[in-house]
Amino acid sequence: MEAANIPPRARVGQDERQGLKMSTALLVFRFSLLAAFVCVAAPGCGGQADLPVPEPGKTLVIGVSQEPDALFGIVGNLMVSGDVGSFIWRPLLLIDSRRRPYCVLCTELPTLENGLWKVDYEKGVMDATFHLRRGLEWADGTEITARDAAFAWELMSDGQYPHGASYMEPIGGVQALDSHTIRVSYKTLWPFGNADLRLRLIPESYYRPIWEQYRSEGGAYWDRFLADERVSVYPKANGPFQVREWVSGSHILLVRNPAYNLGPPPNLERILVRVIPDLNALAIAVSTRQVHLTDGWLTLEQARELEESPGIEIRYVDSAWLEHATLQIKHPPFDDLRVRRALLLAIDRAGINHAIFRGKQPPAHSWVHPGHPAHNPRLFRYGYDPGQAQRLLEQAGWSREGDGPLRNARGEPMRLTLITIAGDRTRLQVVSVLQALWQELGIQVEIRPESARMLFPDTLQRQNLQPGGVAVWRWVIQPEATVSAHGLWLPRGTNLDQLTEGSPWDAVQENKDLIRQALGTIDDEERYGLLRRQQEIWVRELPTLPLYWHVRVVSMDRRLTGYVPYPDQYLGWGVENWRLEAATSMSPRSVRSGVVRSGVVPGADWDRRPERRVLRADWDRRPSGRRSPDQQNTNTTTDDHQTLPQTLNLPHQPDPCSDTC
Amino acid sequence: MFRHLLRRSLQTIPVVFFVTVVVFTLMQLAPGDPMDMLVLSNPNVTPEEVERLRAVYGLDDPIYIQYFRWLSQVAQGNLGYSRLYHRPITSILPQRLANTLALTGLSLLLSILIAIPIGVYSALRQYSVADYLLSLVAFVGISFPVFWSGILVILLFSVVLGWLPPGGHPSIEPGLGFWGQARYYVAPVLVLSFFSTASWMRYMRSSLLEVIRQDYILTARAKGLAGRVIWVRHALRNALIPIVTLIALTIPALIGGAVVTEIVFSWPGMGRLIFDSLMNNDYYLAMAIFLIFGLLVALFNLLAEVAYAFLDPRIRME
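Residues numbered from 1 in each chain as written. Chains lettered and ligands numbered in written order. Predicted model: local features only at pLDDT ≥ 70, side-chain atom pairs only at ≥ 80, totals over all residues. Heavy atoms only, no water.

### Things to note about the overall build of chain A
1) Next: Scanning chain A from terminus to terminus reveals 18 helices and 18 strands.
2) Next: Counting the 661 residues in chain A, one finds 60% classified as buried.
3) Next: In chain A, of all internal contacts separated by at least 6 residues, the share reaching a separation of at least 24 is 69%.
4) Next: Accessible surface computed for chain A: about 25,200 Å², of which carbon and sulfur atoms make up 50%. (Helix = DSSP H or I, 4+ residues; strand = E, 2+ residues; numbered from the N terminus. Buried < 20%, exposed > 50% of the residue type's maximum accessible area, 1.4 Å probe, protein only. Contact = heavy atoms within 4.5 Å. Areas by Shrake-Rupley, 256 points an atom, 1.4 Å probe, with all protein chains shown as cover.)

### Observations regarding the overall build of chain B
1) Next: Broken down by element type, chain B carries 12 helices and two strands.
2) Next: Along chain B, helices and strands appear, N-terminal first, in the series α-α-α-α-β-β-α-α-α-α-α-α-α-α.
3) Next: In terms of its C-alpha atoms, chain B occupies a principal-axis envelope of roughly 85 × 55 × 35 Å.
4) Next: Of all 318 residues assigned to chain B, the portion counted as buried reaches 55%.
5) Next: As displayed, chain B offers around 13,500 Å² of accessible surface, 72% of which is attributable to carbon and sulfur atoms.
6) Next: Taken as two groups, the 22 positive and 17 negative side-chain charges of chain B have centres that lie 17 Å from each other. (Lys, Arg positive; Asp, Glu negative; His and termini not counted. Charge placed at Lys NZ, Arg CZ, Asp CG, Glu CD.)

### Remarks on the nonpolar core
All names here are of chain A.
1) Next: Judged by nonpolar contacts, the single largest core of 171 residues is most densely connected at F72, W222, W438 and W578.
2) Next: Looking at which element gives the most residues to this core, the answer is strand β16 (residues 544–557), with eight residues.
3) Next: Apart from the residues within four sequence positions on either side, F72 is in contact with W89, L155, I202, Y207, W222, F225, L226, V231, S232 and P235. (Core = buried A, V, L, I, M, F, W, Y, C linked by side-chain atoms within 4.5 Å.)

### A short note on the packing of helix α6 (residues 129–143) of chain B against helix α8 (residues 178–211) of chain B
Residues and elements named next belong to chain B.
1) Next: α8 packs onto α6 with a crossing angle of 135° between their chain directions and a minimal axis gap of 8 Å. Relative to α8, the element α6 lies oblique. Judged by the twist between their axes, the crossing of α6 over α8 is left-handed. Two secondary-structure elements touch here, α6 through D131, L134, S135, A138, F139, G141 and I142 and α8 through F194, F195, A198, S199, M201, R202 and R205.
2) Next: Looking at the contact of α6 with α8, its residues break down into eight nonpolar, three polar and three charged. (Axes fitted to C-alpha atoms, helices over the stretch in contact; angles between N-to-C directions. Parallel < 35°, antiparallel > 145°, perpendicular 65-115°, else oblique. Left-handed = near helix turned anticlockwise from the far one by under 90°. Nonpolar A, V, L, I, M, F, W, Y, C, P; charged D, E, K, R; others polar.)

### Considerations on the confidence of the model for chain B
Residues and elements named next belong to chain B.
1) Next: When the pLDDT values of chain B are averaged, the result is 85; 97% of them are 70 or greater.
2) Next: Helix α2 (residues 36–41) is the least confidently modelled element of chain B, averaging 72 in pLDDT, while helix α4 (residues 63–75) averages 91, the highest of any element.
3) Next: At the level of chain-chain contacts, confidence expressed as ipTM amounts to 0.83, with global pTM at 0.79. (pLDDT = per-residue confidence, 0-100.)

### Focus on the sheet that holds strand β6 (residues 171–178) of chain A
Residues and elements named next belong to chain A.
1) Next: Taken together, the four strands give an open sheet; going across it, the order is β4-β5-β7-β6, and neighbouring strands pair in antiparallel fashion. Edge positions in the sheet fall to β4 (117–120) and β6, since each of these pairs with one other strand and no more. Strand-to-strand twist of the sheet, defined as the mean angle between neighbouring strand axes without regard to direction, takes the value 15°.
2) Next: Bridge count for β6 against strand β7 (residues 181–186) is six bridges, and the pairing is antiparallel. Among the inter-strand pairings, D178 is bridged to a residue of β7, identified as T181.
3) Next: Along the sheet face, helix α3 (residues 146–156) touches β6 and β7 and points at about 155° away from the line of β6. (Pairing = 2+ DSSP bridges.)

### Structural notes on the packing of aromatic side chains
1) Next: Scanning the entire structure with this criterion turns up 29 aromatic pairs over all chains.
2) Next: On the numbers, 5.8 Å between centres and 75° between planes, the contact of Y570 of chain A with W573 of chain A is edge-to-face.
3) Next: Consider the rings of Y67 of chain B and F68 of chain B, whose centres lie 5.3 Å apart with planes at 75°: the pair is edge-to-face.
4) Next: When its relative accessible area of 4% is taken as the criterion, Y67 of chain B is described as buried.
5) Next: F68 of chain B gets classed as partly exposed once you look at its relative accessible area, which sits at 45%.
6) Next: Taken together through their ring pairs, the aromatic side chains of F72, W89, W138, Y161, Y167, Y206, Y207, W211, Y221, W222 and F225 of chain A make up a single cluster.
7) Next: The ring of W321 of chain A has R474 of chain A lying over it, and the distance from NZ or CZ to the ring centre is 4.2 Å. (Phe/Tyr/Trp six-rings, centres within 6.5 Å; stacked < 30°, edge-to-face > 60°. Lys NZ or Arg CZ within 6 Å of the ring centre and 35° of its normal.)

### A short note on helix α1 (residues 2–29) of chain B
Residue and element names in this part refer to chain B.
1) Next: The end-to-end C-alpha distance of α1 is 41 Å, a good match for the 40 Å that 28 residues give at a rise of 1.5 Å each.
2) Next: Every buried residue belonging to α1 is among H4, V16, T20, V23, F24, M27 and Q28, and all of these are buried.
3) Next: On the buried face of α1, the contacting elements are α4, α11 (270–279) and α12 (283–311). (Expected span 1.5 Å × (residues − 1).)

### What to know about the side chain of S65 of chain A
Residues and elements named next belong to chain A.
1) Next: With respect to the helices and strands, S65 occurs in the loop between β1 (59–64) and α2 (79–88).
2) Next: Given a relative accessible area of 1%, S65 falls into the buried group.
3) Next: Reaching out from S65, the side chain makes a polar contact with the backbone oxygen of I276 at a distance of 3.4 Å.
4) Next: Within polar-contact distance, the side chain of S65 engages the backbone oxygen of P277 at 2.8 Å. (Polar contact = N/O pair within 3.5 Å; in protein donor to acceptor, adjacent residues only side chain to side chain.)

### Description of the environment of L300 of chain A
Residue and element names in this part refer to chain A.
1) Next: Summarising the element assignment, L300 is placed in helix α8 (residues 300–307).
2) Next: A C-alpha to C-alpha distance of 8.9 Å links L300 and Y316, two positions 16 residues apart in sequence.
3) Next: If we ignore the near neighbours within four places in the chain, the residues touching L300 are Y316, F357, R358, K360, Q361, V551 and V553.

### Details of the pairing of strand β13 (residues 415–421) of chain A
Residue and element names in this part refer to chain A.
1) Next: Taken across its seven residues, β13 has six buried, putting it largely inside the fold.
2) Next: Relative to strand β14 (residues 444–450), β13 runs parallel, the two being bridged by seven bridges. Bridge pairing links R415 to Q444 in β14.
3) Next: On the question of chirality, the crossover connecting β13 to the parallel β14 by way of helix α12 (residues 425–440) is right-handed.
4) Next: Alignment of β13 against strand β15 (residues 469–476), held across three bridges, turns out to be parallel. Residue L418 lies in a different strand from β15, and its bridge partner there is V470. (Right-handed = clockwise from strand over helix to strand, strands pointing away.)

### Comments concerning the pattern of salt bridges
1) Next: Inspection of the entire model under this criterion finds 31 salt bridges over all chains.
2) Next: The salt bridge partner of E67 of chain A is R96 of chain B, with a shortest N-O separation of 3.2 Å. A residue pair is termed interchain when its members come from two chains, as with E67 of chain A in the loop between β1 and α2 and R96 of chain B in helix α5 (residues 93–124).
3) Next: The partner of R230 of chain A in a salt bridge is D228 of chain A, and the shortest N-O contact between them spans 2.8 Å.
4) Next: What emerges from the salt-bridge pattern is a single network uniting R147, E154, E204, R208, E212 and R215 of chain A. (Salt bridge = Lys/Arg side-chain N within 4 Å of Asp/Glu carboxyl O.)

Structure representation (structure tokens):
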């Protein structure tokens, strides 16, 4: 060792003194950290709100995996924003359990018969008139009037509206004819004039001054208006609940709105919406009954595990979420219809449903869900037929020698890239099966997981899906089930082959005519007939490969009654009827924390509890007729569906992250 | 010393500036932009409408103009507006940062209190059964990914034993006392400190073993100093120098490493915020987070230098 490392004797004393200083410093340091711990953990030190401990039976805990982006009734990019917002806001119209529109704030639905819906076929315009119920109040006690609808329209048609002014197309204006009469004018014929769930009301007396203040400042005024806490965090609304506390990243506490007079006051006093990003942690919170209700977050695999948990009920709800494969159909090899058909015939979708989804997610045959009245039941169904697939490929000029790769006449092998969302285990399982099945035909298939951030904006919207690329993802079909030549949910600027002019789907003149006619046909049955015909063209042309329909997994604590999940419905629409039984048999500590020891969960003898009967009785009243208890955990069948809501609700977009993030 | 600290503080300004330039540029070069959310939410939207809104928000300006606009806002204490949460960033960040610092601070404390004594003990009892056992525990700690150990801890303490809540922040149960709130901290702090404890323990052991082989320790023994004095004043003190460096440089990484822990334990900290801001092209939010991280790295580097001066008199800040 170097001599320089030996401390000189003369400095030993200094070392000792500094050693003492160091010890003191360390002591102070440790004590400070200990004090910090005490401060952090001590009540009142962390800035906690002075609220009472939630009373069992009165506070419902809902688990969500994403945090809402805003709670202002007319803004929100995420489905969770709509779910939480549905406790706070009540719109002009809603849809009932059988998906038919009904008046909430209005007295009567406009129809052609009652003269409130007027159509001018010559000019191609129409308007709908709504009369508001009298005596309804906002949370600040002011009356709900027609001016509030006109004000909401003013905000939503503004050039800086966060969803774009075009979001309200084809509405041309909303007028207050008098204090309680609203007229909605449409620029074109629109079949959903009496079922337009986009129509909202915003309390003008409260928000007008705030809006005008930001607007007068210029610049990005809508952003600044929305950034105001009174707007997006603690909105003044008209629903049965209002926001009491929003702790970013943790929870939103909703309490009863004392001014609510639209219906009976809710039985619940509080709703605690807990943000639990990790799905495994969410499943554990459900299993320990710390969370009473989740809707649409848990995976099928988790649902299967939770079915065994006493005190938890799992339901599978049909949804119009179509899992499909997007192809570039103007480019080889997918420009050949025979190739597209062969690829679909080579997929054992029934086998995938059986093996991976336990029969819960059936194969899809068009973009219209079998539960929708516009569904065409006589469509050709592509079954699993690898022999036929092989023959079609040979007809298309693709052949193979022995077990070699499939090649075209120029000797080029068929190479496909299966793209799906990274981190989604179920999708990876499905694409692995697709890979294996297509490889059996001699196709070379590579799997490329992509993050949702890449897949949607880059690969799909900006046309970076290369020829030979097959993107597997979920497509949320809007309730009206109409499609356009430009696309379904994808915007007009999207350059996917299947949606652009000149594609096989777009080139069919009859298809173009049907699209135009469907959007201009007021009569439901007539429009459904057009859509059924259009589905035949879809199945013939296969602009995308339909794979299967998703189901929504709903987990419910059996102490919760009154919540009946339906397709296309936001969570809180019927909250007035929900009831939560107090967990009387739980220990105080367990009640407070929600933690219950495994194996001694109260309610393990649930079959004898009255709520079970209530739920079953409720289920039995559904249109499908009686269901045996064994069918409780199966999908709501297509027979359950009578009608679908006919228009949009809050901004309701495909949620690229809900399965994965 | 004050002048040295001031000089070093001023030196951090160009470093942080450079970091923000790089991060801003990288984010701009990545696919997508904040308008993607608009495009996804409105099927009626036209490319012209998107372009118009892009102009309103200044997103069509060259990158350097956007950067200097952001920098000028930050200089005025305005971190900007989160397009994801529709709120000013200053209304989101402080609460999240405080939660993350509480979590990482406690795990840091726990790691130091456990790792250093155990590392010393391991070095003192080199090649003993206890040393092998502790080494095994350390390797296990280093090898276990947080998302896995986190779920295991939840299963054990929440589901099986029912002692702790399975995640969340104490603010969801207002009115809790000290122990009630502390229960929410136990599991995430344990998991977060597990990895750093394991690695610091190994470093401490190695560092001490190296020091005790130095000649000056031999000299100290030869002159008849007591064993405790040799270990504490001469060996431990010198062995702590690299550990202090390590700890100081690990703290920012610890905050970054808390991302997974926070997600697993539903802890409302910076972790989820980073993920969401990047996934949703929320430039200003991401920039604010990286700015804070950059400042934290600079701050802890500075603290490490101060700690050197206390620990090693040969180092002078002049």
